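Coordinate analysis (summary)
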Amino acid sequence: MADLNPKTATLREVAEAYAKKSGREKTFTGPALQFFKDIADEPGSALRLFEKDAEGNTLLSKTFKGSEDSSTVKTAMQNLRQVGLTLKESVGPDTPEYKLLPDKAPNTDLNSRIFGRSEPAKALSEVSINPDKTKMSQLFAGVAKYLDDPKTRSTAQAIIFNLNTGLRPNAAAGLQVSAYKPDSGAIYIEAETKGAKGRAVNIPLNPIADSILQENLAAGNKENFFVKPNGKVVTSADMTDLLKDVKVKDIAFDASTGKYFDTLAPAGFTGKKGSSLLRNIHATVGQSIGVDQDRLAYLQGRSLKSAGKSSTGELTTYQQAFPGAVGEVDRQNANMFATFWGEAAEEAGFKITSKIPMPETRITTQTAGYEGYFDLPVREEVPTSPKPTVASPEPKNVADLSPELQDKLNKSGFDLSKFLDRLPGPVKKSLGPIGIGLTAATATSTVSEVKAATGSSTLAAVAGASEFGPIGYSDVRDIAAGRSEPDQFGTTPASRIAAEEKAGFIDLGRNREPEANPAANQGFAPQP
């Protein structure tokens, strides 16, 4: 920053200088420039923001005075204050320029005069979200209809992505391609990213969130996922504007005023609203479907420092995030949200895949033409067993399985022969050759190996809606039983399987059939 001349430096130059110094190259400059893009590259534009006109008003005060208390405004004001402080380091305390520049603390009298207002405080919301599934269904349907219009599709996608991940709205709207780890289906939020609290975190993606990112990759997005037709990146303000038009009776309640609202962004309401409430919805839904509070915080990219403390110290010190690595528990929790919103869509009368299609082939770091899109180096994929060909015998017992799959079964300690011997004769007979292959592949819990063992994309779909979803014993049992029993909605599992296979989303990460005693079937076989 020693090379900066405060009198001639452009706003972009100063913002980039601070971003480099603070290690926030990917997150700082955009919000700092977003309200002043037309002058960002003009010489002297950085200092010009803080200079007073004849009436004593700054360009900053003219811009922010009377603005909403939104996360977009808060972030921009914070970043521009850092721009001013960066300039302040380059001028002497006795110069006229020094007196124009802001204080380090956010809401001093000087800063309030410079910006024309105080920085928005962190929203402490007394707004509660109606957890009723019918209300959530109506909300989802109201947003989903905007997917049909190319002008609003990217904004609606950002909202639905936010509902499935719980990220801060500005982080979701401005999500960069470099944060996506497609090989593991996760987002890696770096330590310096706003909201990471100094700790890098990995956030697992469920099939809905992953499909949205895959679609936008295939559309050619190279820097940001959510881009409007005019080329501009979607903002949290865009998300709020769309939510104003989604009407759901009594969707929210403000305890401070005792008022119910029919929209997440009611006109004239000055409290937390619009896109800022999407995280509240994610937390409310997570609680209603039984996600543990600490793991819910993890899914939202929150710091777990306090949760990781014990009498011997802070455990999270030793749990640094490896880019893209997520655990199965958190993967399953993320998938529970996909199930919830998938069922909400069905309740509203449409299949979610009619609005958000699953990719036929996922883009990964191995996909030709995409090698430079992601931060992770290209990695060798683990070889999978070849699909059975016409000349290959169908698996009738363990010996007929591929050597690779047999080896994995041995290493996992799973004895397929004993498992099959314990099944009743009719069930074992109904499993047939494909069922045996499916049962074997279950031990390794990946769709690709189910396909390899059985040659069946249908059974692979039963294993999960994506490469990330494991399968359990009840899936094998249901196939053996023909899935003939109707569910609690009166729909036969066989008809659901057929419909879900046609749509592309199958199971979305949890077993379909309610069980009276789930703990008894945590393994592959029922207890004798």
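Residues numbered from 1 in each chain as written. Predicted model: local features only at pLDDT ≥ 70, side-chain atom pairs only at ≥ 80, totals over all residues. Heavy atoms only, no water.

A few words on the nonpolar core. Met136, Phe161, Ile187, Ile281 and Trp341 are the most contacted members of the largest nonpolar core, which totals 69 residues. Broken down by element, this core gets its largest block of residues, eight residues, from helix H14 (residues 328–347). In contact with Trp341, not counting residues within four places along its chain, are Met136, Phe140, Leu163, Asn164, Ile208, Ile281, Val285 and Ile352. Judged by nonpolar contacts, the second largest core, of 31 residues, contains Ala17, Phe64, Val73 and Leu101. (Core = buried A, V, L, I, M, F, W, Y, C linked by side-chain atoms within 4.5 Å. Buried < 20%, exposed > 50% of the residue type's maximum accessible area, 1.4 Å probe, protein only. Helix = DSSP H or I, 4+ residues; strand = E, 2+ residues; numbered from the N terminus. Contact = heavy atoms within 4.5 Å.)

Take the sheet that holds strand E4 (residues 201–204) next. Read from one edge to the other, the open sheet built from three strands follows the order E2-E3-E4, with strand pairing classed as antiparallel. With partners counted over all chains shown, the strands left at the sheet margins are strand E2 (180–181) and E4, one partner each. (Pairing = 2+ DSSP bridges.)

Glancing now at the side chain of Arg117. For Arg117, the position within the fold is in the loop between helix H6 (109–115) and strand E1 (127–129). Residues within four places of Arg117 in sequence aside, it is in contact with Phe64, Ser67, Glu68, Asp69, Val73, Met77, Asn111 and Ser112.

Averaged over every residue, the pLDDT of the chain is 75; the share at 70 or more is 64%. Taken as a whole, residues 376–395 scores under 50 in pLDDT and shows 32 contacts with residues more than four places along the chain or in a different chain. Confidence drops under pLDDT 50 across residues 441–451; counting only partners more than four residues distant or on other chains, this segment forms 37 contacts. (pLDDT = per-residue confidence, 0-100.)

In this section: the pattern of salt bridges. Evaluation of the coordinates by the stated rule reveals 17 salt bridges. Among the ionic pairs, Arg117 bridges to Asp69, the shortest N-O distance being 2.6 Å. One end of the pair, Arg117, is in the loop between H6 and E1; the other, Asp69, is in the loop between helix H4 (59–64) and helix H5 (71–88), with 48 residues separating them in the sequence. Residue Arg117 is classed as buried on the basis of its relative accessible area, which comes to 14%. Judged by its relative accessible area of 53%, Asp69 is exposed. A salt bridge links Arg362 to Asp210; its shortest N-O distance comes to 3.0 Å. Of this pair, Arg362 sits in the loop between H14 and helix H15 (403–412) while Asp210 sits in helix H10 (residues 207–218), placing them 152 residues apart in sequence. As far as burial versus exposure is concerned, Arg362 and Asp210 are alike and both buried. (Salt bridge = Lys/Arg side-chain N within 4 Å of Asp/Glu carboxyl O.)

All right, on to the environment of Gly274 then. Mapped onto the elements of the fold, Gly274 is located in the loop between strand E6 (259–261) and helix H12 (278–288). Judged by its relative accessible area of 0%, Gly274 is buried. For the pair formed by Gly274 and Thr263, sequence separation is 11 residues and the distance between their alpha carbons is 8.4 Å. If sequence neighbours within four positions are ignored, Gly274 has contacts with Thr240, Leu243, Leu264 and Ala265.

So, about the packing of aromatic side chains. The full count for this structure, using the stated rule, is 11 aromatic pairs. Seen from their ring centres, Tyr18 and Phe28 are 4.6 Å apart, and the 50° between their planes marks the pair as tilted. Separated by 10 residues along the polypeptide, Tyr18 in helix H1 (residues 11–22) and Phe28 in the loop between H1 and helix H2 (29–33) bring together distant segments of the chain. Take Phe28: its relative accessible area is 0%, and that puts it in the buried class. Aromatic side chains Phe140 and Trp341 sit 5.4 Å apart centroid to centroid with 20° between the ring planes, which places their arrangement in the stacked category. With a gap of 201 residues between them, Phe140 in helix H7 (residues 133–144) and Trp341 in helix H14 connect regions that are remote in the sequence. Considered together, Phe140 and Trp341 belong to a single accessibility category, that of buried residues. Members of the aromatic cluster, each reached through a chain of ring pairs, are Phe35, Phe36, Phe64 and Phe115. In this structure, Lys88 is placed above the aromatic ring of Tyr98, and the distance from its NZ or CZ to the ring centre is 4.8 Å. (Phe/Tyr/Trp six-rings, centres within 6.5 Å; stacked < 30°, edge-to-face > 60°. Lys NZ or Arg CZ within 6 Å of the ring centre and 35° of its normal.)

The backbone of Asp250 sits at a positive phi, close to 55°, despite the residue not being glycine. Note on placement: Asp250 falls in the loop between helix H11 (236–243) and strand E5 (252–254).

Next up on the list: the packing of H1 against H5. Between two packed helices, the angle of one axis relative to the other and the distance separating the axes together describe the packing. H5 packs onto H1 with a crossing angle of 90° between their chain directions and a minimal axis gap of 9 Å. Accordingly, the angle class assigned to the pair H1 and H5 is roughly perpendicular. On H5, the residues touching Leu11, Val14, Ala15 and Tyr18 of H1 are Leu80, Gln82, Val83, Thr86 and Leu87. Its residues placed into classes, the contact of H1 with H5 shows seven nonpolar, two polar and no charged. (Axes fitted to C-alpha atoms, helices over the stretch in contact; angles between N-to-C directions. Parallel < 35°, antiparallel > 145°, perpendicular 65-115°, else oblique. Nonpolar A, V, L, I, M, F, W, Y, C, P; charged D, E, K, R; others polar.)

So, about the packing of H7 against helix H8 (residues 153–165). At a closest axis distance of 9 Å, the pairing of H7 and H8 adopts a crossing angle of 150°. By the criterion of interaxial angle, the relationship of H7 to H8 is roughly antiparallel. Of the residues in H8, those in contact with Phe140, Val143 and Ala144 of H7 are Ala156, Ile159, Ile160 and Leu163. Within the contact of H7 with H8, the residues separate by chemical class into seven nonpolar, no polar and no charged.

This part is about the side chain of Thr165. Along the polypeptide, Thr165 turns up in helix H8. Residue class for Thr165 comes out buried when judged on its relative accessible area of 2%. Of the polar contacts made by the side chain of Thr165, one reaches the backbone oxygen of Phe161; its length is 3.0 Å. When near neighbours in sequence (up to four residues on either side) are disregarded, Thr165 contacts Leu205, Ala209, His282, Leu299 and Gln300. (Polar contact = N/O pair within 3.5 Å; in protein donor to acceptor, adjacent residues only side chain to side chain.)

On to the environment of Thr72. Residue placement: Thr72 occurs in helix H5. In this view, Thr72 contacts Gln34, Phe35, Ser236 and Ala237; residues no more than four positions away in its chain are not counted.

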